[in-house]
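In case you want the letters, here they are:
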Amino acid sequence: MNALFSYLVFPGFLFTAGIGCVASWLDRKVTARVQWRVGPPFFQPVFDLAKLMVKETVIPRGCVRTLFLGAPLFGLAAVTLVSTLIWKILLNPETAFAGDLIVILYLLMIPGLSVIIGGFSSRNPIASLGASREMKLMLADELPFILAVSVPIIQAKGSISLGFILGYQETYGMILGTWSGALAFIAAILAMQAKLALVPFDMAEAETELMGGVMVEYSGPPLAVFKLTRIMMLFTLPMLLVALFMGGVRFSGFGILWSVLKFALLLVLVTLIRNTNPRLRIDQAVRFLWGPVAGIAAVAVVLAILGL
Amino acid sequence: MNMGFKLNALTRSLWVYHLSTGSCNNCDIEILDCLTPRYDLERFGITLVGSPKHADVLLVTGNMTLKNIPRVKKVYESMAKPGVVIAVGTCALGHGIFKGSYICPQCVDEVLPVNLYIPGCPPKPEAILAGVVKLIKHLREKKT
Amino acid sequence: MMNPLLMTILFPLAAGLLCFLFPERLKRISGLFAVLCTTALLVFSIRLFLNAPSGWSEGSFLYLKLDALSRIGLVFAALFGFLISLYALTGMSGESSLPTFYGSLLLSLGGSAGVLLSQHLLTLLVFWGFLGLPLYLFIHMGKGDTGQAATEALILIGGTDALMLLGIALLSLSSPALMLGNMRIPLSDWTTWVAFLCLCLAVFAKAGAIPVHTWIPSMARTAHVPATAFMPAALDKLVGIYLLARICFSLFELSGASRFFLCLVGSLTILIGVIMALFQHDYRRLLAFHAISQVGYMILGFGTGSAVGMAGALFHMLNNALYKSALFLSCGSVEYRLGTSDLDRMGGVGRSMPLTLGAFLVSAAAISGIPPLNGFASKWMIYQGVLDMGKQGGFVWIIWLVAALFGSGLTLASFMKLAHTLFLGAPSRSVETGRIREAGPAMTFPVLVLAVFCLALGILFYPVALRIFIGPAVPGLKISGLWQPVQASWLLFAGIILGAVLYLLGRVGRAREAEPFIGGEEGLDADERVTGTEFYNTIRDIQPFGFIFRMGETRLMDLYHFGGKLSFAFASLLQRVHHGVLTGYVAWLLAGLILLYILLGGRLL
């Protein structure tokens, strides 16, 4: 029962969705300010979701109905589980179990997977193309992300538990402070940008050429669930990086302010990247992520092995 | 959930699908102007979307050509309801200088149930904004 | 009453031989007979599993014993025999030479039981070699150009069997008894090293690892799907990895270098196999390359040398057999309905075959290691093993870890492609015109059972898989602090319920159907649909993908191909000497005598 509460309310579904909405608003507001606009009101993400929830659902004729409607649910369930896991470990590192980082890495694949399955099952060539791009993008960001994540693992003496990595940073200072940590952090941010499907890596949705791409056939509540998953990812992934590289969060005195600041900084960075870059072609994106980004991450791994 | 609540929710986040049925692109450019820093429609939660299935507003410009009529109907059909239709520009309202042409037998409101007409050739962004605000007010009043 | 252990070997062998006697006209009867026999065998194996009897011996060579390791293999082999023979009842109903198929199936069950039970290495080798015979028959039965595939399999398997004999002979130098019991020979000098490598190569050939893997894709192209799902996907993995487990547990005392060798082979196999699979156009070859890639994980797991890693590898062996058979069989059902295995001409059957689609998706997610399915649990254990190895120092382990993690991403990618091309996406012309439906209960049932096993072993990983199957078989395994998926599965389930509640609130049940929106187009022709085969063409030229793929396509990595070239070159050299002129031969004879004289010179004089 306790687990169910923490899954559904705090720090799971409700909490993450709430902060995710704030993060999404921040993202849109910063975008607007960059473009010298006013930007949407604070509750805009909530309004969007509420509106989608009351709208009618339209299903493409001839699709696999259960899969089309079921795919968004898996993504939502997985992202809720990931955020619960990360938060529980952040709040109380003792709850970490050996190898939880691997569980998190694999669970983070499910939201992308659900988008792909949803796109495939909508029986629309545009959605198929978008989903194939999403798949390739997942492939592309996986390599640099794994390499970048292995830097904290190496620094924390080969422990693959998030709780241990947090404890290590408690004693030795944050991993971002080392040369290898800084390089890995750069690679991880770029891979995260791809995982969040933000510009320059939004070719799976590509409103201007694919008309919404993977999600072209979705409407109403299923679309709301997809958007909600995105919003929650926007909170979960930066939090993971905060935990891995920036020493996690603290809930006492100035610690709260500092923790919020870390997250906000990361989010604004992501937003700025998305506002100052054009969309890449998918093969350019793969080349970029496997070339320079994975290269940086590999250098970071070598440096970490050397103990820098 | 009653219709009023739905419409209220709708007015706070209008997602627009922009459909040109054979316009000269002047109206289209003016519509894009509404999204620029000077007018910034996102203040009201209005954004452009790529697929009619996501849309709450079908924004039609241009004088409905013969070839476009079945496609427009299909796009309207695939829009998730409740949704509104806005016709922008003289051509969409009444064919403008193409009046009597063999290629455009019908106006937009003869094909779709139009909720809002915005005249002009092209209408100024201010006019479009004013129209949208009127529409929102109208929808909100409907709920009571 | 015969000893039950002897029964498990002799009964399927006898039944198999009986099957060969069935005339072609009675092929349905032979199928029913085989299903009956495999059912009996399954029940019998489960009983053996529950209360293991004592060993049985006759003379110095025949010594059978059932321990924790062999009983997993035994019970799962019987399970696969049962499911596949059931599947073949409808799946192969149109084919000829069915009695041979069922006969080979039963023979291979008997052979593998022999391998799993024998304690003497020579007996093990006899059964091991015997398994080549049904394999050869299976390949030979297939359609099209079976000769080449059969030859390739025969040469690779037979050749490595010979190497295994050499290895055993070398082993007898240091341990003359040749009993599996507890030899633990340290890898100290070159004889033990050669013996180790020989045995490993035999394992690699049987299970299908780089560089002796090529017979599996060749076989998959021509052989019947149930045959491929049975031998290379399930049984050969059980048997091959069983021997690898024996090598690591009791035959040798692995050193750092030998572990490095295993890890290297494992990682290379993972990556090369999966990259080759990514670009295939024929679903059978695609699955075959995955069958290779997954072996890499098992070898890597054994290479880690830690108890968790080896337990993970054993578990992965079971899992791989489960989901790989499920994948082969579910795709086989689609092929059975459509009559083609070319991905370009398949597609869009998901709506008409929902059960098969569900089973396919579950097993595809399992092979890609999506939690909480079984593939994730075993991969997780293997990663833990790699990390355990890392704690002893050195930094090569990070390469193994990245290769294994990345390989599983690539696996997911190629299965998404398969899901799209086979089941989802727009229907192809043959699907639109033909009336497609589920492939009959005898074909759907085995697929569903396998998928349920994937799900159940994943969720009940800790209480069932680890406690009952894997735990007792791995010496020194501490089962604590491991990933416990029950709670995570419940929470995932709760999340899905939560989403369903959202759907209820949003009244998704009243959904309206509309045409797909393709930019206002009128609806595409079946010829213009997006098949999945081109998905990865855009990244095929990116290095090092392009390099590995081209190497694989031009068969540069192929030991069989290389070996053939080498032996032909050698033969042509000898051919030149055989010119047929008498004086020439006399000259050679004389030269030989002189050489002999010089060599032995001192002593003769």
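The structure we're discussing is the one just above.
Now for a quick tour of the structure. A quick note: this is a predicted structure, and the numbers were derived from the prediction, not measured.

1. Topic: the overall build of chain B
- Scanning chain B from N- to C-terminus turns up 6 helices and 5 strands.
- Taken from N to C terminus, the helices and strands of chain B fall in the order α-β-α-β-β-α-β-α-α-β-α.
- Computed over the C-alpha atoms, the radius of gyration of chain B is 15 Å, within 12% of the 15 Å expected from 2.2 N^0.38 for a compact globule of 144 residues.
- Overall size of chain B, expressed as C-alpha extent along the three principal axes, is 45 × 35 × 25 Å.
- Per-residue burial over chain B gives 54% buried out of 144 residues.
- For chain B, restricting intrachain contacts to residue pairs at least 6 apart in sequence, the fraction spanning at least 24 positions comes to 81%.

2. Observations regarding the environment of G273(C)
Residue and element names in this part refer to chain C.
- Within the element layout of this structure, G273 appears in helix α11 (residues 256-278).
- The buried category is assigned to G273, whose relative accessible area is 2%.
- C-alpha of G273 to C-alpha of G458: the two residues are 185 residues apart in sequence and 24 Å apart in space.
- Apart from residues no more than four positions distant in its own chain, G273 is found in contact with L268, F289 and S293.

3. So, the packing of helix α13 (residues 307-338) of chain C against helix α19 (residues 461-470) of chain C
Residues and elements named next belong to chain C.
- The N-to-C vectors of α13 and α19 enclose an angle of 100 degrees; their axes lie 11 Å apart at closest approach. Relative to α19, the element α13 is oriented roughly perpendicular. Side by side, α13 and α19 meet where A311, L314, F315 and L318 of the first sit next to F461, A465, F469 and I470 of the second.

4. Let's talk about the packing of aromatic side chains
- Considering all chains together, one arrives at 27 aromatic pairs over all chains under this definition.
- Considering the side-chain rings of F68(A) and Y218(A), the 4.2 Å spacing of their centres and the 10 degrees angle between planes classify their relative orientation as stacked. Of the two residues, F68(A) is situated in helix α4 (residues 65-91) and Y218(A) in the loop between α10 (207-210) and α11 (220-245); the sequence distance between them amounts to 150 residues.
- Residue classification places F68(A) among the buried residues on the basis of a relative accessible area of 1%.
- Y218(A) sits in the buried class, given a relative accessible area of 0%.
- A centroid spacing of 5.4 Å and a plane angle of 85 degrees characterise the contact between F196(C) and F252(C), whose relative ring orientation is edge-to-face.

5. Notes on helix α18 (residues 441-459) of chain C
Residue and element names in this part refer to chain C.
- A rise of 1.5 Å per residue sets the reference length of α18, with its 19 residues, at 27 Å; its end C-alpha atoms lie 26 Å apart and thus fit the reference within 8%.
- Among all positions of α18, only A442, M443, T444, P446, V447, V449, L450, A451, C454, L457 and G458 are buried.
- For α18, the secondary structure elements touched by its buried residues are α3 (68-91), α13, α14 (354-367), α15 (374-391), α19 and α20 (485-505).

6. Structural notes on unusual backbone geometry
- Cis geometry marks the peptide bond from C121(B) to P122(B), where omega comes out at -10 degrees.
- Considering the arrangement of structural elements, one finds P122(B) in the loop between β5 (116-118) and α6 (125-143).
- Notably, R123(A) is not glycine yet its phi reads approximately 60 degrees, a positive angle.
- What makes R123(A) partly exposed here is its relative accessible area of 26%.

7. Details of the interface of chain A and chain B
- If you look at the interface, chain A gives 27 residues, while chain B gives 30 residues.
- Here chain A packs against chain B, burying approximately 2300 Å² in sum over the two surfaces, 54% of which is carbon and sulfur.
- Taken together, the connections running from chain A to chain B amount to 6 salt bridges.
- Of all the secondary structure elements, the ones that give two or more residues to the side of chain A that touches chain B are α3 (44-54), β1 (58-60) and α11 of chain A.
- Element by element, the count of residues in the side of chain A that touches chain B is highest for α3(A), at 6 residues.
- The class makeup of the residues in the side of chain A that touches chain B is 14 nonpolar, 4 polar and 9 charged.

8. Describing the pattern of salt bridges
- Using the criterion set out here, one finds 18 salt bridges over all chains in the structure.
- Between D56(B) and K55(A) there is a salt bridge, with its nearest N and O atoms 2.7 Å apart. Of this pair, D56(B) sits in the loop between β2 (47-48) and β3 (57-61) while K55(A) is found in the loop between α3 and β1, placing the two residues in two different chains.
- On the accessibility criterion, D56(B) (0% relative accessible area) is buried.
- D141(A) serves as the salt-bridge partner of K195(A), at 3.3 Å between the closest nitrogen and oxygen.

9. Digging into the interface of chain C and chain A
- With 70 residues of chain C at the contact, the number on the chain A side is 73 residues.
- Across the chain C to chain A interface the summed buried area is about 6500 Å²; carbon plus sulfur atoms make up 78%.
- On inspection of chain C and its partner chain A, the count reaches 3 salt bridges.
- R65(A) is the salt-bridge partner of E513(C), the closest N and O atoms lying 3.7 Å from each other.

10. What about empty space enclosed by the protein?
- Following the criterion strictly, the structure yields 7 cavities of 30 Å³ or more and no others.
- The computed volume of the largest cavity comes to approximately 200 Å³.
- At the level of elements, α6 (109-120), α7 (125-155), α9 (179-195) and α11 of chain A are the ones that each hand at least two residues to the lining of the largest cavity.
- Taken together, the residues that form the lining of the largest cavity break down as 11 nonpolar, 2 polar and 4 charged.
- Every residue lining the second largest cavity is counted, 15 residues in all, and those nearest its centre are V16(B), L41(B), I46(B), L59(B) and V132(B).
- Taken together, the elements giving at least two residues each to the lining of the second largest cavity come down to α2 (26-34), β2, β3 and α6 of chain B.

Thresholds applied
Residues numbered from 1 in each chain as written. Chains lettered and ligands numbered in written order. Predicted model: local features only at pLDDT ≥ 70, side-chain atom pairs only at ≥ 80, totals over all residues. Heavy atoms only, no water. Helix = DSSP H or I, 4+ residues; strand = E, 2+ residues; numbered from the N terminus. Rg over C-alpha atoms; globule rule 2.2 N^0.38 Å. Buried < 20%, exposed > 50% of the residue type's maximum accessible area, 1.4 Å probe, protein only. Contact = heavy atoms within 4.5 Å. Axes fitted to C-alpha atoms, helices over the stretch in contact; angles between N-to-C directions. Parallel < 35°, antiparallel > 145°, perpendicular 65-115°, else oblique. Phe/Tyr/Trp six-rings, centres within 6.5 Å; stacked < 30°, edge-to-face > 60°. Expected span 1.5 Å × (residues − 1). Buried area = accessible area lost by both parts, 1.4 Å probe. Salt bridge = Lys/Arg side-chain N within 4 Å of Asp/Glu carboxyl O. Nonpolar A, V, L, I, M, F, W, Y, C, P; charged D, E, K, R; others polar. 1 Å grid on protein atoms, 1.4 Å probe; cavity = no way out; pocket = protein on both sides within 12 Å on 5 of 7 lines; lining within 4 Å. Points joined across faces, edges and corners; volume = space filled by probe spheres on them.

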